[in-house]
Amino acid sequence: MENNHYSVESSIAGRNQFFMKVYGWMFGGLAISALVAYLFSTIPALYIAFFNFMTMTRGFGMWIIFIAQLGLVFVMRPNYEELGRPIRYIVSYCLYAALTGFTFFIVTQVYELGSIVQAFVSTCALFAGLSIVGFTTKKDLTSFGRQAMGALLGLIIASLINIFFFQSTVVELIMSAITLVIFIVLTMYDTQKLKNMYNYYEGQSALEGIAILGALELYLDFINIFLSILRLFGSRKN
């Protein structure tokens, strides 16, 4: 009886430690993105270099950054034999977060600082609540997660059509609202999935790499919720 009691306590402690790593890496990624945005906003040489890059690429600079991020995601594809030695995942994740900093930098040029702060605080509160729900719910969220991923794929296609053909602000706002709903679902799903993965790999070195990959998923959930809230409720600079 006592052995079972200690076993349960050890499992809970290990799971808590695992999630502390996940959220530590997630917020570490956000800090890297914020630092890049701050440096490019406050150092004139970096500010000028970025806009020279955008001019040289004729406005396709962000697409180049996006493609680079896709490449990093490909590099981070799970490999069980390497999950216990996560250096590749750590480097790729940090580079991904740094590249996302350019998105944050553009946000600071478009939206009022007060709106950015309000959106960030709102996102933190919403994200915390969603994570708690995903962690504690007994309902299997797998089907919801799959539906959300399918909806996200359709949304990406619709966004590209709007960017290249319609360029409608109204459509953009509608898609921002849909994006918010999709990533609300994905945050709960990803949290539950990480909990299940810990239970499956408990005690194995693979959890080191899984923590990084999980941090990336939650990082992306957080970023998309933040940007959606900002687009829907943020005040733009004049």
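What you see is a predicted model, and the numbers here were worked out from it, not measured in a lab.

Reading the values: the criteria
Residues numbered from 1 in each chain as written. Predicted model: local features only at pLDDT ≥ 70, side-chain atom pairs only at ≥ 80, totals over all residues. Heavy atoms only, no water. Core = buried A, V, L, I, M, F, W, Y, C linked by side-chain atoms within 4.5 Å. Buried < 20%, exposed > 50% of the residue type's maximum accessible area, 1.4 Å probe, protein only. Helix = DSSP H or I, 4+ residues; strand = E, 2+ residues; numbered from the N terminus. Contact = heavy atoms within 4.5 Å. 1 Å grid on protein atoms, 1.4 Å probe; cavity = no way out; pocket = protein on both sides within 12 Å on 5 of 7 lines; lining within 4 Å. Points joined across faces, edges and corners; volume = space filled by probe spheres on them. Nonpolar A, V, L, I, M, F, W, Y, C, P; charged D, E, K, R; others polar. Phe/Tyr/Trp six-rings, centres within 6.5 Å; stacked < 30°, edge-to-face > 60°. Lys NZ or Arg CZ within 6 Å of the ring centre and 35° of its normal. Disulfide = S-S within 2.5 Å. pLDDT = per-residue confidence, 0-100. Polar contact = N/O pair within 3.5 Å; in protein donor to acceptor, adjacent residues only side chain to side chain. Axes fitted to C-alpha atoms, helices over the stretch in contact; angles between N-to-C directions. Parallel < 35°, antiparallel > 145°, perpendicular 65-115°, else oblique.

Colleague: How would you summarise the nonpolar core if you had to cite specific residues and measurements?
Modeller: Formed by 59 residues in total, the largest nonpolar core has its most connected members in Phe18, Met26, Tyr93, Ile210 and Tyr219. Only α1 (2–42), α2 (44–56), α3 (61–75), α5 (87–110), α6 (113–136), α7 (142–166), α8 (169–201) and α9 (207–233) provide two or more residues apiece to this core. Per-element accounting of this core gives the leading share, 16 residues, to α9. Setting aside residues no more than four positions away along its own chain, Ile210 makes contact with Phe18, Leu83, Leu194, Met197 and Tyr201.

Colleague: Talk me through the layout of surface pockets; I want residue IDs and the actual numbers.
Modeller: Considering only enclosed or pocket space, the second largest pocket measures out at about 310 Å³ in volume. In terms of lining, the second largest pocket is formed by 15 residues, of which the most central are Ala34, Ala37, Phe104, Thr108 and Ile116. For the lining of the second largest pocket, the secondary structure elements donating two or more residues are α1, α5 and α6. Sorting elements by how many residues they give to the lining of the second largest pocket places α1 first, with 7 residues. Broken down by class, the residue content of the lining of the second largest pocket amounts to 12 nonpolar, 3 polar and no charged.

Colleague: How would you explain the packing of aromatic side chains if you had to name every residue and give the values?
Modeller: For the structure on display, the rule yields 25 aromatic pairs. Residues Tyr93 and Tyr219 carry aromatic rings whose centres are separated by 5.9 Å and whose planes lie at 80 degrees to one another, so their mutual orientation is edge-to-face. Linking Tyr93 in helix α5 with Tyr219 in helix α9, this pair joins segments that are 126 residues apart in sequence. An identical accessibility class is assigned to Tyr93 and Tyr219; each is buried. A ring pair is formed by Tyr200 and Tyr201, whose centres lie 4.9 Å apart and whose planes are at 80 degrees; its orientation type is edge-to-face. Classification of Tyr201 as buried rests on a relative accessible area of 19%. Members of the aromatic cluster, connected to one another through ring pairs, are Phe18, Phe19, Tyr23, Phe27, Phe104, Phe120, Phe127, Phe135, Tyr198, Phe222 and Phe226. Taking NZ or CZ as reference, Arg88 lies 4.7 Å from the ring centre of Tyr89, over its face.

Colleague: So what's going on with the state of the cysteines? Residues and values would help.
Modeller: What the rule picks out here adds up to 0 disulfides. Free of any disulfide, Cys94 has its nearest cysteine sulfur in Cys124, 19 Å distant.

Colleague: Got a sec to walk through the confidence of the model for the chain? Specific residues and values, please.
Modeller: Chain-level statistics for the chain give a pLDDT mean of 91 and a share of 96% at 70 or above. Element-level mean pLDDT values for the chain span from 78 in helix α4 (residues 80–83) up to 96 in α6.

Colleague: Describe in detail the environment of Asn224, supporting the description with residues and values.
Modeller: Looking at the secondary structure, you find Asn224 in helix α9. Taking the C-alpha atoms as reference points, Asn224 and Asp140, 84 residues apart in sequence, are found 23 Å from one another. There is a polar contact of 2.7 Å between the side chain of Asn224 and the backbone oxygen of Leu220.

Colleague: So what's going on with the packing of α2 against α3? Residues and values would help.
Modeller: Following both chains from N to C, one finds α2 and α3 inclined at 95 degrees, their axes separated by 8 Å at the closest point. By the criterion of interaxial angle, the relationship of α2 to α3 is roughly perpendicular. In contact with Phe50, Phe53 and Met54 of α2, α3 contributes Gly61, Met62 and Ile64. In terms of residue class, the contact of α2 with α3 is built from 5 nonpolar, 1 polar and no charged.

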